[in-house]
Amino acid sequence: MKYSLIALSMHFIFHAQIASAEEAKETDVEVIEVAGQRIINHGFSPKNTKISGPFGDDLGLADIARSMTPITSAMMEQLNITDLQDILAVTPNSYSASGFGAPSLPTLRGQLGELFQDGMRRQAGNNGFGVPLSFNSVDQLDVIKGAPPVLFGSSQRNGGFVNLQSKRASTEKSAAKVKLTAGRWDQYSAQLDIGAPIVKGESGFRISAEHIDNGSFYDYSSFKSDSFYAAFRLLPDSQSTWDINLELYQVEFTDNAGINRPTQALIDSGAYITGQGVQPNGSLIPGAGAIISPTGQVQISRSTVLTDPDNENEANTFLLHSIYTHELSSQTQLKNSTYYQHLTRDEIAQNSFVEIIDAADTAQNRLELSHDWNNQQQTILAFDVRYNKVRGYSQFTTEADDPIDLTGPVESRRIPLTVEQQARLVELRPGVFVSPGGQYDVNNDNLGDYSLSDTTDSTSWQTGFAIQQDSQWSDRLRTNFGYRIDFYDVQARDPIAPTGQKAAQDSINKTLHSGQASVNYKLNTDLTVYAATSYNEATSNSMAGGNSLGADNLINTQNFATENTLNEVGIKYIPDNSAWYIDGALFNQSRSLRNRDGSNTGIKTKGVELQVFYDAAPYWFNIGYSYLDARYDNSASSQSSSQIADAFDNSRPDIIQGTSVGAPNFTAFPRSNRRVQGIPEQSLSINGGLYITESWQAGFAALYTSSYPLDFLATVNIRDQYTLGLNTSYLIGEHTKLRFDINNVTNQKNWRPVFEGGYFGSTLVFPELPINAKFTIQHSF
């Protein structure tokens, strides 16, 4: 019924817009010409945006048979998009968890998505927990649903992907911009972006530097970063272009786990149950199986979160991109893309969590050869080599969040390791204990004596061959077919084996396949329908894209057996002489990973997406709607505990009816087709603005998400939520712009999950920010 109503609504919207456009053509051509001129002035619609990389270069939206949202620099500025969570303002089906307060990956269609830059996959953390992303180098975000296409190759995450388009240097004109911001909680930033030709028409440079120094609403939290970006363009001859860019990024940030003990009373009224958990051995130090005897219930401040002033968390990364294109003839073009990234990270938390990446180096080179056989047929051949080397250490086996009473002293959050716990780990530095990268039986009792996490020293080579055929059979009919094969050669060893033990190691070779097919058909000059299908075999990796050994000291073959499918149909309305852009899609998408015991940890999603953009003076607006039915596909699932009631005894049934099981207790749920927790079924975003004068603009941003279960058993639910933001900007002269934003104007007390996949759904929940404001001044010269 939901699909029928949405499809019917889409039909009437498209019909009405076609009718209005045709009527305008017949009655008043001059008005259309004026409107067309005004469309250019705003730039708040993706309608005329060109897409390069995933399916070829310089393609229009009607040429690509996928649901997608290009977000231009003008849209990023107007919609206040500063991190990957913010794309929900304009991109349907992109609701995400907080990523412990520092999102490093997008979430699309209820699954983690991949992150690319200039068509090359970036290192982006471990399942959404990683290094924050700087937009200092970014000129455009292309948000595309479904697994990466054959030109991009096999990857780890397949809900969709964001391809960051880097800022480019100009060989024709000089430009410079300074932007300063100041916001609530002592949040400040400064950015300088300058560029100019070196030799006009032949070479140019661009430099962008950004400093961010943010205090925080949340206790013991802050964010400080520096990004330096440089780009160079060279035109060696009339047939060649060479773009090179690099970025240095350093960041210190807080791992924010939100508020623990998420009961329905906490969600609905902010009521928090007090009392420190007690381990079975009587210890008050947070640990597995601890039980809380409730001492009361208080209103907790939403700024009181699981952080610690003595936590350390910083990362440094260096990125280099090179794109060289050369026209070998009027029909044949060569494109060579190169990428290199070096990453280090140090996080040592007082709750015993450790993630240290000594060095992660990734290098990739892709050679593409495209040949136009004629005006209707194009073939692209690609050869791709990717190298990934990771040496890192982690320890997450002794964390325990539920036993901690956030209203108590900060010392009660800390987890000093016992002698017994230390014996199951290895000392990396004085006082810093991590898991070894393999399992060892020291006392010969046929049982492993160590606690394993993600520690690894791994090397992988990925070699891929791809072919894509684009065919324009007529003015109306277009098809795309693609196939790719990837060869993986992976080695992993323990970088810190216990004293007296020979370091465990293993290697594996695997072959993965992917394919895609699509058809586009123009019903008329303005309206295109499409159908697309794809199959993709992907990998499952650990920190920084590395590969770790299992408890049997082997690389799990199932890490190379993730099957992903996509079936999608859609419609795109892109009229030439109109301010409108509208598209809609119906999809069915799945990810399936078979385990050794035959269980299935798959997710199957189906849903609807609709985007509407209108951009013509004096006003503009856009609407994004999504419906998502995300379920486990006869799949097993797990949580840190089965439900929050497990953490409590039943001494205060007036507060909570506890089960006295103790928490955390790691609960594995049997295979099911239950709804995936932590994802709203529906979302609606509406943004708009009005130019009161040529210099003064006022706008708004509204977002609604429907209720959803926070945990697997749906014992706690996040209610329907909305947020409203207002903004206004004023242009002083031609070069200076002032802007004022008020976010969450109605001061809604909204929540979201802390981590993707629902594992902490019964343990943690993230309080979103209250009302806040930001002032921006921007000067161009």
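About the cut-offs
- Residues numbered from 1 in each chain as written.
- Predicted model: local features only at pLDDT ≥ 70, side-chain atom pairs only at ≥ 80, totals over all residues.
- Heavy atoms only, no water.
- Helix = DSSP H or I, 4+ residues; strand = E, 2+ residues; numbered from the N terminus.
- Rg over C-alpha atoms; globule rule 2.2 N^0.38 Å.
- Buried < 20%, exposed > 50% of the residue type's maximum accessible area, 1.4 Å probe, protein only.
- Contact = heavy atoms within 4.5 Å.
- Areas by Shrake-Rupley, 256 points an atom, 1.4 Å probe, with all protein chains shown as cover.
- Lys, Arg positive; Asp, Glu negative; His and termini not counted.
- Charge placed at Lys NZ, Arg CZ, Asp CG, Glu CD.
- Pairing = 2+ DSSP bridges.
- Patch = residues over 30% accessible without salt bridge, like charges linked within 9 Å, V, L, I, M, F, W, Y side chains within 5 Å.
- Salt bridge = Lys/Arg side-chain N within 4 Å of Asp/Glu carboxyl O.
- 1 Å grid on protein atoms, 1.4 Å probe; cavity = no way out; pocket = protein on both sides within 12 Å on 5 of 7 lines; lining within 4 Å.
- Points joined across faces, edges and corners; volume = space filled by probe spheres on them.
- Nonpolar A, V, L, I, M, F, W, Y, C, P; charged D, E, K, R; others polar.
- Phe/Tyr/Trp six-rings, centres within 6.5 Å; stacked < 30°, edge-to-face > 60°.
- Lys NZ or Arg CZ within 6 Å of the ring centre and 35° of its normal.
- Polar contact = N/O pair within 3.5 Å; in protein donor to acceptor, adjacent residues only side chain to side chain.

Scanning the protein chain from N- to C-terminus turns up five helices and 40 strands. Relative to the 2.2 N^0.38 estimate, which gives 28 Å for 781 residues, the radius of gyration of the protein chain is 27 Å and therefore close to what a compact globule would have. Considered along the principal axes of its C-alpha atoms, the protein chain spans approximately 80 × 55 × 55 Å. Considering the protein chain as a whole, with its 781 residues, one finds that 56% of them fall into the buried category. Relative to all contacts within the protein chain whose residues are 6 or more apart in sequence, the contacts with residues 24 or more apart total 68%. Accessible surface for the protein chain amounts to roughly 31,100 Å². Of this, 55% is attributable to carbon and sulfur atoms. Across the protein chain, the 57 positively charged side chains and the 84 negatively charged ones have centroids separated by 3 Å.

With that settled, the discussion passes to the pairing of strand E19 (residues 377-395). The pairing of strand E18 (residues 354-372) with E19 spans 18 bridges and is antiparallel. Each bridged residue has a counterpart across the sheet, and for Thr362 the counterpart in E19 is Asn388. Adjacent in sequence and paired antiparallel, E18 and E19 are bridged by four residues. Note that E19 and strand E22 (residues 456-472) share 16 bridges and pair antiparallel. Counterpart to Arg391 in the pairing with E22 is Asp457.

Spatially, five strands are ordered E1-E6-E7-E4-E5 in an open sheet, and the strand pairing comes out mixed. Whereas interior strands pair on both sides, the edge strands pair on one side only; in this sheet they are strand E1 (68-72) and strand E5 (120-121).

Nonpolar side chains collect at one region of the surface, where Tyr619, Leu690, Ile692, Trp696, Tyr730 and Ile732 lie side by side and expose about 570 Å² of accessible area between them. Of note, Tyr730 is situated in strand E36 (residues 721-732).

Moving on to empty space enclosed by the protein. With the rule as written, the count across this model stands at 13 cavities of 30 Å³ or more. Counted as a void, the largest cavity has a volume near 210 Å³. Arg121, Arg386, Asn388, Asn541 and Gly545 are, among the 20 residues lining the largest cavity, the residues nearest its centre. Counting only elements with at least two residues in the lining of the largest cavity, the list comes to E19, E22 and strand E23 (477-493). Taken as a whole, the second largest cavity spans an internal volume of roughly 160 Å³. Taken together, 18 residues line the second largest cavity, and the ones lying closest to its centre are Phe55, Ala65, Asn480, Gln516 and Ser518. Secondary-structure elements contributing two or more residues to the lining of the second largest cavity are E23, strand E24 (505-522) and strand E25 (527-538). For the lining of the second largest cavity, the element with the most residues is E24, which contributes four residues. Among the residues forming the lining of the second largest cavity, the class breakdown is seven nonpolar, seven polar and four charged.

All right, on to the pattern of salt bridges then. With the rule as written, the count across this model stands at 29 salt bridges. A salt bridge links Glu568 to Arg109; its shortest N-O distance comes to 3.0 Å. Remark: Arg109 occurs in the loop between strand E2 (107-108) and strand E3 (111-112) and Glu568 occurs in strand E26 (residues 562-573); sequence separation between them is 459 residues. Residues Glu568 and Arg109 agree in their burial class; the two are buried.

This brings us to the environment of Leu306. Among the structural elements, Leu306 can be located in the loop between strand E15 (296-299) and strand E16 (312-327). Spatially, the C-alpha atoms of Leu306 and Leu406 are 7.2 Å apart, while their sequence positions differ by 100 residues. Each residue touching Leu306, except ones within four places of it in the same chain, is listed here: Asp255, Ala257, Gly258, Asn260, Asp401, Ile404, Leu406, Arg413 and Leu764.

Moving on: the sheet that holds strand E13 (residues 259-260). Spatially, E13-E39-E38 is the arrangement adopted by the three strands of the open sheet, whose pairing is antiparallel. In this open sheet, the two strands that pair with only one neighbour each are E13 and strand E38 (751-752). Across two bridges, the pairing between E38 and strand E39 (residues 764-767) is antiparallel. Its bridge partner lying in E39, Trp751 is registered against Pro767.

For the rest of this paragraph, the subject is unusual backbone geometry. Peptide bonds are trans in most cases, and residues, glycine excluded, mostly fall at negative phi. With an omega of 10°, the peptide bond between Ala617 and Pro618 qualifies as cis. Residue Pro664 is reached from Ala663 by a cis peptide bond, and omega for that bond is 0°. Structurally, Pro664 is set in the loop between strand E30 (635-639) and strand E31 (667-672). If you check the backbone angles, Asn93 has positive phi at about 55° while not being a glycine. Its location among the elements puts Asn93 in the loop between helix H3 (73-78) and E2. Positioned with a positive phi, Tyr220 is a non-glycine residue whose angle comes to about 50°. Note on placement: Tyr220 falls in the loop between strand E10 (203-214) and strand E11 (223-234).

Looking at the secondary structure, you find Leu151 in the loop between strand E6 (138-145) and strand E7 (160-166). Judged by its relative accessible area of 0%, Leu151 is buried. Placed 333 residues apart in sequence, Leu151 and Arg484 show a C-alpha to C-alpha distance of 7.7 Å. What Leu151 contacts, discounting residues up to four positions off in sequence, is Gly53, Pro54, Phe55, Gly56, Arg366, Glu368, Ile380, Ala382, Asp384, Gln468 and Arg484.

Neither face of strand E4 (residues 114-117) is exposed, since Glu114 and Phe116 on one face and Leu115 and Gln117 on the opposite face are all buried. Sheet topology note: the E4/E7 ladder contains four bridges and is parallel. Within E7, the residue paired with Glu114 across the bridge is Phe161. Once E4 ends, the chain turns through two residues before running back antiparallel as E5, passing Asp118 with a positive phi of about 55°.

A few words now on the packing of aromatic side chains. For the structure shown, the criterion picks out 27 aromatic pairs. Both rings, one in Tyr387 and one in Trp461, keep their centres 4.8 Å apart while their planes meet at 50°; by these two values the pair is tilted. Taken together, the positions of Tyr387 in strand E19 and Trp461 in strand E22 put the pair 74 residues apart, joining distant regions of the chain. By relative accessible area, Trp461 is classed as partly exposed at 40%. The rings of Phe100, Phe666, Phe755, Tyr759 and Phe760 are connected pair by pair, giving a single aromatic cluster. Across from the ring centre of Phe712, 5.0 Å away, lies the NZ or CZ of Arg674, which sits over that ring.

With respect to the helices, strands and loops of the structure, Asp470 is situated in strand E22. On the accessibility criterion, Asp470 (7% relative accessible area) is buried. A polar atom in the side chain of Asp470 sits 3.0 Å from the side chain of Gln468. A distance of 2.8 Å separates polar atoms of two side chains, one belonging to Asp470 and the other to Asn480. In this structure Asp470 touches Phe55, Gln376, Gln377, Gln378, Arg478, Thr479 and Asn480, once residues within four positions along its chain are discounted.

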